[in-house]
Amino acid sequence: MRAPGTRCPSREDLEALRKLARTTEATKGGSPSYSLWHVVRALEELSKEPLGRPALASALGLGESSVKTMLARLEAAGLVAKLPRGHCITDEGRRALDAVSKYVKAASCSIGGLQGFGSCVAALVPSRPPLELVDIYAIRDHLVSRGCRVAIIGYVAGGAAGFPGLPDHIQGQILASLPLGRLMEAGAEGALLVTPRACEAALMEAAVEILLSSCQEPPG
């Protein structure tokens, strides 16, 4: 069921996001050596032009064997198609890419004076706004499980944003540094996640997982 206040994706967008998430699931052979962030980056690169495995590996900073596995999964999911030379994105792949940018708003940021956040990434995920510390801890678990142990987690609700548990002057410092105008649309509500730039991959995976767990059933 959708969490109260969640702006869930359409049925088609939700299925496209699920396909994306499944491309990074562990198998009997273990977990893949690439993340959802790499998958999204790969689709972005392939949306510009068809690419072969060596070029895509160079663009993503991955080994060719990892890219080979990723492309095989993306092809099986119908998100990319194989050409005589290289791969190209499919219509379904474009839908998945569009769904990420539509429902997971992200922007670069810099919070001066806050250690580790001189170069950071902020994302707004349409889910139930985490107004209580227990909700904050649940979201932090998503990030910690992916190796990101430093994060600032808050909410957007009723046109306002805040970070439960933090002193008012720290909240003010953070809010003054975030590009909220780029993240918040009219009526936007959800979880506001801020991580160091080094945690960008973990942030992407956690954001999509939070969105999917908030929308377990597609809207009618």
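Residues numbered from 1 in each chain as written. Predicted model: local features only at pLDDT ≥ 70, side-chain atom pairs only at ≥ 80, totals over all residues. Heavy atoms only, no water.

(A) How the structure looks around the state of the cysteines. All chains considered together, the criterion is met by two disulfides. The residue that forms a disulfide with C109 is C120, at a sulfur-sulfur distance of 2.1 Å. Of this pair, C109 sits in strand β3 (residues 105-109) while C120 sits in strand β4 (residues 120-125); the two residues are eleven residues apart in sequence, bridging distant segments of the chain. Note that C148 is cross-linked by a disulfide to C199, the S-S spacing being 2.4 Å. Because the sign of the S-S torsion sets the handedness, a value of about 100 degrees for the bond joining C148 and C199 places this disulfide among the right-handed ones. Remark: C199 occurs in the loop between β7 (190-196) and α9 (200-214) and C148 occurs in the loop between α6 (133-144) and β5 (152-157); sequence separation between them is 51 residues. (Disulfide = S-S within 2.5 Å. Helix = DSSP H or I, 4+ residues; strand = E, 2+ residues; numbered from the N terminus.)

(B) Fine view of the side chain of D13. Looking at where D13 falls in the secondary structure, it is placed in helix α1 (residues 11-22). A distance of 3.2 Å separates a polar atom in the side chain of D13 from a polar atom in the side chain of R95. Excluding anything up to four places from it in sequence, D13 contacts R95, A99, K102 and Y103. (Polar contact = N/O pair within 3.5 Å; in protein donor to acceptor, adjacent residues only side chain to side chain. Contact = heavy atoms within 4.5 Å.)

(C) Structural detail: the pattern of salt bridges. Summed over the entire model, instances satisfying the criterion amount to twelve salt bridges. One salt bridge in this structure joins D135 and R128, with 3.3 Å as the shortest N-O distance. On the basis of relative accessibility, which here comes to 18%, the residue D135 falls in the buried class. Here E205 ties to R146 by a salt bridge, and the two come within 2.9 Å at their closest N and O atoms. (Salt bridge = Lys/Arg side-chain N within 4 Å of Asp/Glu carboxyl O. Buried < 20%, exposed > 50% of the residue type's maximum accessible area, 1.4 Å probe, protein only.)

(D) Broad picture of the sheet that holds strand β6 (residues 160-162). Here we have five strands laid out as an open sheet, ordered β3-β4-β7-β5-β6, and antiparallel in their pairing. Every other strand in the sheet has two partners, leaving β3 and β6 as the edge strands with one partner each. Taking each pair of neighbouring strands and ignoring which way they run, the sheet shows an average axis angle of 20 degrees. Here β4 pairs with β7 via six bridges, running antiparallel. Within the sheet, the bridge partner assigned to C120 lies in β7 and is P196. Where α9 meets the sheet, its contacts fall on β4 and β7, and the angle it forms with β4 comes to roughly 5 degrees. (Pairing = 2+ DSSP bridges. Axes fitted to C-alpha atoms, helices over the stretch in contact; angles between N-to-C directions.)

(E) Main features of the nonpolar core. If you look at the biggest cluster of nonpolar residues, it comprises 54 residues, and the most contacted ones within it are L20, L56, M70 and L193. A per-element tally of this core places α9 first, with nine residues. In this view, L193 contacts V121, A122, A123, V125, I139, L143, I152, L203 and I210; residues no more than four positions away in its chain are not counted. Formed by 17 residues, the second largest nonpolar core is a distinct cluster that contains A107, L124, F163 and I174. (Core = buried A, V, L, I, M, F, W, Y, C linked by side-chain atoms within 4.5 Å.)

(F) Main features of the pairing of β5. Here β5 lies mainly inside the structure; five of its six residues are buried. Here β5 pairs with β7 via five bridges, running antiparallel. When the bridges of β7 are listed, I152 appears paired with V194. As judged from the three bridges shared by β5 and β6, these two strands associate in the antiparallel manner.

(G) Looking closely at the environment of L211. Inspection of the secondary structure assignment puts L211 in helix α9. The class for L211 is buried, based on a relative accessible area of 0%. As a C-alpha pair, L211 and C8 span 203 residues in sequence and 7.8 Å in three-dimensional space. With sequence-adjacent residues up to four places away left out, L211 is seen in contact with P9, L17, Y103, V104, V125 and P126.

(H) Region of the structure containing helix α5 (residues 91-103). The first and last C-alpha atoms of α5 sit 18 Å apart over 13 residues, in line with the 18 Å expected at 1.5 Å per residue. Along α5, the residues classified as buried are G93, A96, L97, A99, V100 and Y103. One side of α5 holds all its buried residues, which, seen down the axis, span an arc of 155 degrees. (Expected span 1.5 Å × (residues − 1). Arc of directions from axis to C-beta.)

(I) Spotlight on helix α2 (residues 36-48). Compared with an ideal rise of 1.5 Å per residue, which puts 13 residues at 18 Å, α2 spans 19 Å between its outermost C-alpha atoms and is within 8% of the ideal. Within the span of α2, buried status applies to L36, W37, H38, V39, V40, A42, L43, E45 and L46.

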